[in-house]
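Inside the fold
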Amino acid sequence: MELSQYMKSIIDMERASVVICGLDHTILYLNPAAAKNYGAYGGKALEGKSLMACHNGESRKMIEKVVAWFGESTQNNMIHTFYEEKQNKDGYMVALRDEDGKLIGYYEKHEYRSRETAPFYDFSRSLR
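Residues numbered from 1 in each chain as written. Predicted model: local features only at pLDDT ≥ 70, side-chain atom pairs only at ≥ 80, totals over all residues. Heavy atoms only, no water.

1. So, the overall build of the protein
What counts here: Secondary structure elements follow DSSP: runs of H or I no shorter than four residues count as helices, runs of E no shorter than two count as strands, and numbering proceeds from the N terminus. The buried label applies to any residue whose accessible area, calculated with a 1.4 Å probe on protein chains only, is under 20% of its type's maximum; exposed applies above 50%, and partly exposed to all values in between. Two residues qualify as a contact provided that any one of their heavy atoms is within 4.5 Å of a heavy atom in the partner residue. Per-residue and other accessible areas were derived by the Shrake-Rupley procedure at a 1.4 Å probe size, with only the shown protein chains allowed to occlude residues.
Looking only at helices and strands, one finds three helices and five strands in the protein. Overall size of the protein, expressed as C-alpha extent along the three principal axes, is 45 × 40 × 30 Å. By residue count, 31% of the 128 residues in the protein fall in the buried class. By sequence separation, contacts in the protein at least 24 residues apart represent 35% of the contacts at least 6 residues apart. Looking at the protein as shown, the accessible area adds up to about 8800 Å², and 55% of this sits on carbon and sulfur atoms.

As structure tokens, then:
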């Protein structure tokens, strides 16, 4: 089995939204959580479309600045982009690089800060 199948499975099992984009800002992939989260805006149908169309002018400028920053150094790989109090989550943009360190794209991910309430090793239900 190819490593890419494992990587896709990791992304798909993530409970938080993950949106993967190319350097031209085309949405290459939304994991199931992102497809659900952005369902009102088209969900999976957003794949192949520009991420920029989903953002206002100020956000588009910041996305461009972040991608330029990623390109400045292989050490520039992750930046905090927002905090949403209602869901107690942080948003990040993360650089995607090839094996030589060349920037090939980026992804947005969300991390929820609320403590997990499920009991440890509760085999009676899935958390997803």
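So that's the structure; there's more coming.
2. Some words on the pairing of strand β3 (residues 78-84)
Applied cut-off: Here, a strand pair is defined by DSSP locating no fewer than two bridges between the strands.
The pairing of β3 with strand β4 (residues 89-97) spans six bridges and is classified as antiparallel. Opposite H80, over in β4, you have Y92 as the bridge partner. Taken together, β3 and the strand that follows it, β4, pair antiparallel across an intervening segment of four residues, in which N88 is found at a positive phi of about 50°.

3. Side note on helix α3 (residues 57-72)
Counted only if it meets this: Multiplying 1.5 Å by the residue count of a helix minus one yields the expected span of that helix. The directions considered for the arc are those from the helix axis to the C-beta atoms. Any N or O atom pair separated by 3.5 Å or less is treated as a polar contact, with the protein-specific requirement of one donor-capable and one acceptor-capable atom, and with residues adjacent in sequence counted only for side-chain atom pairs.
The end-to-end C-alpha distance of α3, which contains 16 residues, comes to 23 Å, matching closely the 22 Å that a straight helix rising 1.5 Å per residue would cover. Where α3 is concerned, the buried positions are I63, V66, V67 and F70. Down the axis of α3, the sector holding all buried residues measures 95°, keeping them to one side. Facing away from the buried surface of α3 by more than 90 degrees, the exposed residues are K61, K65, G71 and E72. The opening residue of α3 is N56, an N-cap whose side-chain oxygen sits 3.1 Å from the backbone nitrogen of E58.

4. A few points about the environment of S4
Structurally, S4 is set in helix α1 (residues 3-13). When the C-alpha atoms of S4 and W69 are compared, they prove to be 27 Å apart, with 65 residues separating the residues in sequence.

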